[in-house]
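Residues per chain, in single letters:
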Amino acid sequence: MNEESKTYQNIICTFCGALCDDIEIKVKNNKIENIKNACAISRKKYEHAQKDRTVPQIKGKEVKYNKAVSAAAEILSSSRNPLIYGLSSTTAEAQKAAVELAEKCGANIDSTSSVCHGPGTLAKQLVGMVSATLGEVKNRSDMMIFWGANPVEAHPNHAKRYSILSQGMYRKNRKDREIIVFDVRKTPTAKLADHFFQVKPNSDFEILMALQMLVSGRTPTSEDGRIGGIELVKLKDLAEKMKKVKYGSVFYGMGLTMSRGKYMNTWAAMSLVRNLNDYGRFVMIPMRGHGNVAGSEITMAWQTGYPFAVNFSRNYPRYNPGEFSAVDLLARREVDAAFIIASDPAASLPHEAAEYLKKIPTIVLDPHWNLTTEIADVVIPSAVKGIGASGTVYRMDHVPLQLRKFLDDSWPDDASAVSRIGELIEND
Amino acid sequence: MADKRSFTLITGRTIKQGMASVSGKNNQNYEDSTAYVELNENILEEYNLSEGKKILLYTDSGEVELSCKKGDLPEEIVFIPYGPQANKLIGTDTDGTGMPSSKGKKVMIKRKEGEDS
Ligand code: SF4
């Protein structure tokens, strides 16, 4: 039957942590006909949403949905030390169900946060982070610093909606803000900046500590007049400016968390931002990558007390990044089964860690085929979040948003699949 | 030509890699957008390479053969988009944090024998 087309306003794009909630989608006959306000990545995401969909599979053979779910329950209940991993591209409801499942089967549970902003979270636990919502930063921030972050390519609508080019209440346009970029390479974001500071790789910590000293009126020594590749006089000027601005903001990315120093880099940045609050207001926001990776930390912390890298083998949650985090568990071959939820570790983890997934029974729950479904023993399809499934997601500034489904999907959502596996294990 | 000179490996996002990653991971576009390395123009020249030619990159964790592209980079940096190829060079040591060293790792390059400039 040919239906009238219907337009849905304020749809949330779930690809990245910016969670833009102004997407307009025209739907006809349960198909997307037109997309407005989406960035280049988002557009591709919507165009591809209904293509390339997974079907229930066991060892490469298509089976009934319930059979795949039962096979997953069998694998997890017979495993001595399973790993539940991924979680950043699913809803808080599915994340909550995954924690419950981890508790039932004494599993390790970790999200992709451990390989993105996890080190920043470790730093937060040490020093705390002065933060704000994206709305507040857009309306008030007169100095925006992007440190090791390249939103032009990773969060393409961020500049327009929340930062560099946004129309705020008191900071109305680009000229009302000073934009500063610290990066090891001249990224497209650096090209939009008023000042670009080229960091010598692995020197973020030194630069941040030098800025801390300069802000507090002390001058670090340097034989060649540079710190981490940047002229000391320029850092001195910047420190003075940072003390004078009304509302500074630091958006930080993987340039801090993946480089040498890891959590110590973010610790240094958070300490600097804290100290700058003696002068004006200064805040920090992580440029979270996956749509609900912030939610994975929030849900895990709310459920277990810890944000990621949690182990339930003793029936109570224990937390230890480096021990219970996915890369370490896989590299040390400590786990004997894996349940991957809405993630593609075969593409995103170091090769050696990903290769180990081929040696153990691996279950993947995902709406689309990816490199991990290729090596999975069991594949469970699911409805696409924010399109065929509703639920809660958290933006990079921790603002929760409610997804509304606007298409009918052939498969149940992630939360139902994970809960069903838990029920089967419990009733076994 | 083997060379002991080392570079710093930076892996990261690109817009094309992002677009391809949501358009089907088994799609040729995903492979094309993740299976290359960017080098500074002078380094390409020094190694007698032109865009599209293959080079071997190796770290203490693995090696990979990729085609070259010119990048707006300092001479000491080589850049590979995130993905399965870059991850062949990234080790599993996380310094007790859970996070591998996906940026700032020491990498060597070797011109492939038989590659014309
Ligand atoms: S910036 Fe991120 S959330 Fe916003 S439309 Fe683009 S991919 Fe989606």
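Residues numbered from 1 in each chain as written. Chains lettered and ligands numbered in written order. Predicted model: local features only at pLDDT ≥ 70, side-chain atom pairs only at ≥ 80, totals over all residues. Heavy atoms only, no water.

Novice: A description of the pattern of salt bridges should follow, citing residues and the corresponding values.
Specialist: All names here are of chain A. Evaluation of the coordinates by the stated rule reveals 24 salt bridges over all chains. With a shortest N-O distance of 3.4 Å, R281 and E136 are connected by a salt bridge. With R281 in strand β14 (residues 281-286) and E136 in helix α5 (residues 134-140), the pair connects residues that are 145 residues apart, well separated along the chain. Given the relative accessible area of 28%, E136 is considered partly exposed. One salt bridge connects R288 with E297, and the closest N-O pair in it is separated by 3.4 Å. Just as R288 is buried, E297 falls in that class too. (Salt bridge = Lys/Arg side-chain N within 4 Å of Asp/Glu carboxyl O. Helix = DSSP H or I, 4+ residues; strand = E, 2+ residues; numbered from the N terminus. Buried < 20%, exposed > 50% of the residue type's maximum accessible area, 1.4 Å probe, protein only.)

Novice: Can you break down the interface of chain A and chain B residue by residue, with the values?
Specialist: Taken together, the contact between chain A and chain B spans 52 residues of the former and 40 residues of the latter. When chain A packs against chain B, the two sides together hide about 3,500 Å² of surface, and 62% of this comes from carbon and sulfur. It is R185(A), M258(A) and K262(A) that lose the most area in chain A upon contact with chain B, and together they represent 19% of the buried surface on that side. Taken together, chain A and chain B are joined by 3 salt bridges. Among the salt bridges present, the one from K191(A) reaches D72(B), with a minimum N-O distance of 3.6 Å. The tally of links between chain A and chain B comes to 13 residue pairs in polar contact (both at pLDDT 80 or more). Taken together, the elements giving at least two residues each to the side of chain A that touches chain B come down to α1 (40-48), α4 (118-127), α6 (151-154), α10 (254-257), α13 (326-331), α14 (345-348) and α15 (351-356) of chain A. A total of 5 residues in the side of chain A that touches chain B trace back to one element, the largest contributor, which is α1(A). Split into classes, the residues belonging to the side of chain A that touches chain B amount to 26 nonpolar, 13 polar and 13 charged. (Contact = heavy atoms within 4.5 Å. Buried area = accessible area lost by both parts, 1.4 Å probe. Polar contact = N/O pair within 3.5 Å; in protein donor to acceptor, adjacent residues only side chain to side chain. Nonpolar A, V, L, I, M, F, W, Y, C, P; charged D, E, K, R; others polar.)

Novice: Go over the site of the ligand with me, naming the residues and quoting the values.
Specialist: Within the structure, the ligand sits among C13(A), F15(A), C16(A), L19(A), C20(A), C39(A), S42(A), H155(A), P156(A) and N157(A). When the residues that make up the shell around the ligand are grouped by side-chain class, the tally is 7 nonpolar, 3 polar and no charged. (Near = heavy atom within 4 Å.)

Novice: Residue-level account of the sheet that holds strand β1 (residues 6-11) of chain A, with values.
Specialist: All names here are of chain A. Strand order in the open sheet formed by 3 strands is β1-β2-β3, and the pairing between neighbours is antiparallel. Unpaired on one side and paired on the other, β1 and β3 (31-36) mark the two borders of the sheet. Averaged over all pairs of adjacent strands, the angle between strand axes in this sheet comes to 25°, irrespective of strand direction. As paired strands, β1 and strand β2 (residues 23-28) are joined by 4 bridges and run antiparallel to one another. Its bridge partner being in β2, T7 is matched across the sheet by K26. (Pairing = 2+ DSSP bridges. Axes fitted to C-alpha atoms, helices over the stretch in contact; angles between N-to-C directions.)

Novice: How would you sum up helix α12 (residues 293-304) of chain A? Please name residues and give values.
Specialist: Residue and element names in this part refer to chain A. Here α12 is 12 residues long and its end C-alpha atoms lie 16 Å apart, about the 16 Å a rise of 1.5 Å per residue gives. Turning to α12, the residues buried within the fold contact α3 (92-104), β7 (108-111), α4, β15 (310-311) and β20 (391-394). Of the residues trailing α12, G305 is marked for its positive phi of about 95°. (Expected span 1.5 Å × (residues − 1).)

Novice: Could you give an account of the pairing of strand β21 (residues 400-403) of chain A, with specific residues and numbers?
Specialist: Residues and elements named next belong to chain A. Alternating positions in β21 separate cleanly, L401 and L403 being buried on one face and P400 and Q402 remaining unburied on the opposite face. Bridge count for β20 against β21 is 4 bridges, and the pairing is antiparallel. Across the sheet, residue V393 finds its bridge partner in β21, namely L401. Connecting the antiparallel pair β20 and β21 is a turn made up of 5 residues, with H398 showing a positive phi of about 70°.

Novice: Which residues make up the domain arrangement of chain A, and what values go with them?
Specialist: Residue and element names in this part refer to chain A. Per the domain assignment, the segments of chain A are domain 1 (53-115 + 291-387 + 406-427) and domain 2 (118-286). Taking only C-alpha atoms into account, the centre of domain 1 sits 34 Å from that of domain 2. Counting from both sides, the interface comprises 8 residues of domain 1 and, opposite them, 7 residues of domain 2. Of the roughly 460 Å² buried between domain 1 and domain 2, counting both surfaces, carbon and sulfur atoms make up 53%. Taken together, the connections running from domain 1 to domain 2 amount to 3 residue pairs in polar contact (both at pLDDT 80 or more). Within the side of domain 1 that touches domain 2, the residues separate by chemical class into 5 nonpolar, 2 polar and 1 charged. (Domains from an automatic or database assignment.)

Novice: Before we move on, could you go through the nonpolar core and cite the residues and values that matter?
Specialist: In globular proteins that are soluble, nonpolar side chains generally tend to be buried together. Residue and element names in this part refer to chain A. By size, the foremost hydrophobic cluster in this structure holds 40 residues, and its most contacted members are I23, I25, Y46, V137, F251 and F406. A per-element tally of this core places β2 first, with 3 residues. In terms of nonpolar packing, the next biggest core, distinct from the first, is built from 39 residues, M143, F197, L256 and A269 among them. (Core = buried A, V, L, I, M, F, W, Y, C linked by side-chain atoms within 4.5 Å.)

Novice: Which residues make up the sheet that holds strand β16 (residues 318-319) of chain A, and what values go with them?
Specialist: Residue and element names in this part refer to chain A. In spatial order, the strands read β5-β4-β19-β18-β17-β6-β7-β15-β16; together these 9 strands make up an open sheet with mixed pairing. The open sheet has two edge strands, β5 (61-62) and β16, and neither has a second partner. Pairing of β7 with β15 involves 2 bridges; the strand directions are antiparallel. In the strand pairing of β15, I109 is matched with V310. Contacting β4 (57-58), β6 (82-86), β17 (337-341), β18 (362-365) and β19 (378-380), helix α2 (residues 65-78) runs over the sheet at an angle of about 125° to β19.

Novice: Let's hear about the environment of P188(A): which residues, and what values?
Specialist: All names here are of chain A. Inspection of the secondary structure assignment puts P188 in the loop between β9 (178-183) and β10 (195-198). Here the alpha-carbon distance between P188 and E178, two residues 10 residues apart in the chain, equals 17 Å. Contact partners of P188, with chain neighbours within four places excluded, come to N150, V152 and E153.

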